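# Working through the structure, step by step
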Amino acid sequence: MEESSSPSPRINSRNRWWKKCVSTLRARNAGARGASPPSPSIVDELYNSGVTAWYEYLDEIGDSSALVKAAEEYSKALDLAPQGHPLRNVILLALIFALLEQDNDQQALEKIEAHFLEIEGWNELERVYARAIASKLGAAYQNFDPGRSLLHHIKARGYSDAAEDQVVSDLRIVALCRLGSETHIEHAMKTVDGAKSICPSDQPYLLSSILMTKFMLHQDKFRRSGSWEDLDKAIAEGEAALPLKMPLIRRITFLIDVAQCICVLQSSEFGFEKPQERMRDAIGYARQAVELANGDERLGVHLNIVLAEALSSRFANPTATELDEAITLYRKAKIHEEDLEILAGLAGAIFFRCEIGGEVAETETTLESAVALYETVLGASEDNDWNSRVANNLACIYLGRAQHTRDVADYEKARQNYLRAAGLCVNSDDKGYYEEQAEAIKNSIATLLEGIARDAEVEAERTHKSIRVLQKEARNPSSKSKVSTPLLAVISVIVCFFILFLFNGKPDND
């Protein structure tokens, strides 16, 4: 958009109705000029000058100077054409179109709005012109006064005769209602249902727009209410739209958003009856989106993250190969965005991969790598509730390793992270679970140490018996065994050190 001292750029690209009205207005202007009296007045001359400039603007494909001149000439003509003048309404209509082609502030829009109100009662005003003006005012007011914008879009809907035009207006009304309260959302839902009922069957692109809008409305309701039923309804609307013909970018959006919604819903307490099947659907949708994007960097990072999330979901029962793919996708996304959720997702995928397929040191797919990523997240995030879940994941890593190695140090780290999770958690049920896990591990450590102590005592007793036998044989002259007293002393010292080593390793229990 070029900057200039005079208003020149258009508000937005011309829509179909606006183009039609702009082009037909040329014929109306020509007719009005032909109807002028033989001796034209100054009003006629100014109006005709404006029409000429309007032609130049249209012919030169947006010559800003011609547009400004047209608006100025029309304004001068209007000032000299009082109420009842035969050309006043014609001039008003032409002026409104010229002004709406410019970039207007709110004050200018209010003036255009006043002009529009004046000619709305004109019986020669064609509905197609009224609809185009109302729609254009609605779009222009959106950044200044959403309420006024909504009123103009409702007015445009009232001037729409064709079902297709009514649906387009309904979708614009819904888009504005989404910015409002819960009541507005409910009104928007009824409006979009009405649009769906009148949508022409031969307009699959339009129907896909309706379903996309309804999909987003259910997501809006979910964000406001937290109701998993609303998210389930969003998924249903999204999947219903997928067989329809639609623009490529809309299909990609549908595919990836539905995949992400499935992942979110399955990770909740709501879940699906067939979780693995639904997660496989999510993987399929996300993979299609990645393929359709064809490496487009504007979309690639988000698409890769969603596919990686689906692939690494435990509900999907992924293979080691699929987890390797998820890890690669997370690492690719990490290059572009150093986001904490990406780091946490990567850590989770690595942990899962190590669980089912073992560690791969060559690719840094190790438990230590997962631990380091989770610790980075904990050090940077300020979301305590999320941090509590990250600490829980760390506890799971240490606990899993301890159960294989019987290493007291790993058990202790698991216990400490469960306590950290409990301290950060805001949900009382989860907090209780973390505390119970920490207490259970504390008991496990005590039991493990008691076992180690018993084993040490048994081993010590066995060693003492061996020493006594050797000492007895050394004192017995008939014994064939010849063990020197110094050797017995050395063995005694070694046993004592062994016992001290076992008991000095005991951790300090709370």
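For the structure, check the block above.
Chains are numbered independently. Their residues run from 1 in the order of the written sequence. Under the rules for a predicted model, residues below a pLDDT of 70 receive no local features and side-chain atom pairs below 80 are neither given nor counted, while totals for whole chains, interfaces and linings still include all residues. Computation of side-chain values covers all heavy atoms of the structure but excludes hydrogens and water.

### A word on the overall build of the protein
To keep things clear, this is the line we draw: The way it works is that DSSP assigns letters per residue, a run of H or I at least four long becomes a helix, a run of E at least two long becomes a strand, and they are numbered from the N terminus. A 1.4 Å probe rolled over the protein chains alone gives each residue an accessible area, and that area as a share of the maximum for its type sets the label: buried under 20%, exposed over 50%, partly exposed in between. Whether two residues touch is decided by their heavy atoms; if any such pair falls within 4.5 Å, the residues are in contact. Note on areas: Shrake-Rupley with a 1.4 Å probe; residue coverage comes only from the protein chains shown.
Along its length, the protein carries 21 helices and 0 strands. Taken over 510 residues, the protein has a buried fraction of 44%. Taking all contacts inside the protein whose residues are at least 6 apart in sequence as the whole, residues at least 24 apart take part in 61%. Accessible surface for the protein amounts to roughly 26,500 Å². Of this, 52% is attributable to carbon and sulfur atoms.

### Some details on the environment of Arg420
Position of Arg420 relative to the elements: it lies in helix H19 (residues 408-424). In this structure, the C-alpha to C-alpha distance between Arg420 and Lys431, residues 11 residues apart in sequence, is 10.0 Å. Every residue in contact with Arg420, bar those within four places of it in the chain, is listed here: Glu375, Leu378, Ala391 and Leu394.

### Let's talk about the pattern of salt bridges
Spelled out, the test is: The term salt bridge refers to a pairing of a side-chain nitrogen on Lys or Arg with a carboxyl oxygen on Asp or Glu at a separation within 4 Å.
For the coordinates displayed, the defined rule picks out 24 salt bridges. Residues Glu73 and Lys76 are paired through a salt bridge, measuring 3.6 Å at the closest nitrogen-oxygen approach. Linking Glu73 with Lys76, this pair stays in helix H3 (residues 64-79), spanning 3 residues, or about one helical turn. Assessed through its relative accessible area of 45%, Lys76 is described here as partly exposed. Among the salt bridges present, the one from Arg314 reaches Glu355, with a minimum N-O distance of 2.6 Å. Of the two residues, Arg314 is situated in the loop between helix H14 (297-311) and helix H15 (320-336) and Glu355 in helix H16 (residues 340-357); the sequence distance between them amounts to 41 residues. The class for Arg314 is partly exposed, based on a relative accessible area of 46%. Taking the relative accessible area as the measure of exposure, Glu355 reaches 46% and is therefore partly exposed. Linked by salt bridges that have partners in common, Glu110, Glu113 and Arg148 make up one network.

### So, the side chain of Ser369
The line we're drawing: We call two N or O atoms a polar contact when they sit within 3.5 Å, provided that within protein one can donate a hydrogen and the other can accept it, with sequence-adjacent residues counted only if both atoms are side-chain atoms.
Among the structural elements, Ser369 can be located in helix H17 (residues 367-380). Within the structure, the side chain of Ser369 is placed 2.9 Å from the side chain of Thr366, a separation counted as a polar contact. When near neighbours in sequence (up to four residues on either side) are disregarded, Ser369 contacts Ile350 and Glu364.

### Quick word on the layout of surface pockets
Worth spelling out the cut-off: Grid points spaced at 1 Å over the protein atoms alone were grouped into cavities, where a 1.4 Å probe fits but cannot get out, and pockets, open sets with protein on both sides within 12 Å along at least five of seven lines, with lining residues defined by an atom within 4 Å of a point. Grid points are joined across faces, edges and corners, and a volume is the space filled by probe spheres set on the points. Each residue receives one of three labels: charged for Asp, Glu, Lys and Arg, nonpolar for Ala, Val, Leu, Ile, Met, Phe, Trp, Tyr, Cys and Pro, and polar for the others, Gly being one of them.
For the largest pocket, the calculated volume is near 1,900 Å³. In terms of lining residues, the largest pocket is bounded by 45 residues, among which Ser267, Glu309, Trp386, Arg389 and Asn393 are the most central. By residue class, the composition of the lining of the largest pocket is 22 nonpolar, 13 polar and 10 charged. Taken as a whole, the second largest pocket holds about 310 Å³ of empty space. In this structure, the second largest pocket is lined by 16 residues; those nearest its centre are Ala71, Ser75, Leu99, Gln102 and Lys111. If you list the elements that add at least two residues to the lining of the second largest pocket, you get H3, helix H4 (88-100) and helix H5 (106-119). For the lining of the second largest pocket, the element with the highest residue contribution is H3, accounting for 6 residues. Among the residues forming the lining of the second largest pocket, the class breakdown is 7 nonpolar, 4 polar and 5 charged.

### Observations concerning the nonpolar core
Spelled out, the test is: Nonpolar cores are built from buried Ala, Val, Leu, Ile, Met, Phe, Trp, Tyr and Cys residues. Side-chain atoms within 4.5 Å join them into one set.
Membership of the largest hydrophobic core comes to 82 residues, with the highest contact counts inside it found for Phe254 and Ile262. With 10 residues, the top contributor of residues to this core is helix H12 (residues 248-266). Discounting residues that sit within four places of it in the chain, Phe254 has contacts with Ser208, Leu211, Met212, Phe215, Gly238, Ala241, Leu242 and Met246.

### Section: the state of the cysteines
The line we're drawing: Pairs of cysteine sulfur atoms within 2.5 Å are what we label disulfides.
In the structure shown here, the tally under the stated rule is 0 disulfides. This cysteine, Cys261, is not joined by any disulfide, and Cys263 carries the nearest cysteine sulfur, 9.3 Å off. When its relative accessible area of 5% is taken as the criterion, Cys261 is described as buried.

### Here's the deal with the packing of aromatic side chains
Quick reminder of the rule: A pair of Phe, Tyr and Trp rings is counted when the ring centres sit within 6.5 Å of each other, with Trp represented by its six-membered ring. The angle between the planes then sorts it: under 30 degrees is stacked, over 60 is edge-to-face, the rest tilted. Both a distance and an angle decide whether a charge sits over a ring: NZ of Lys or CZ of Arg must be within 6 Å of the ring centre and within 35 degrees of the ring normal.
Overall, the coordinates contain 6 aromatic pairs when judged by the stated rule. Their ring planes at 50° and their centres at 5.8 Å tell us that Phe215 and Phe254 sit as a pair that is tilted. Pair noted here: Phe215 is in helix H10 (residues 204-225) and Phe254 is in helix H12, with a separation of 39 residues, a long-range link. Residue classification places Phe215 among the buried residues on the basis of a relative accessible area of 0%. One cation-aromatic arrangement involves Arg278 over Phe272; the distance from NZ or CZ to the ring centre is 5.1 Å.

### Overview of H17
Under the convention used in this document: Expected span of a helix: the number of residues minus one, times 1.5 Å.
With 14 residues, H17 extends 20 Å from end C-alpha to end C-alpha; this agrees with the ideal 20 Å at 1.5 Å per step. Burial in H17 covers these residues: Leu367, Ser369, Ala370, Val371, Leu373, Tyr374, Val377 and Leu378.

### A word on unusual backbone geometry
Positive phi is not limited to glycine here, since Asn317 has a value of about 50°. Residue placement: Asn317 occurs in the loop between H14 and H15. Classification of Asn317 as partly exposed rests on a relative accessible area of 49%.

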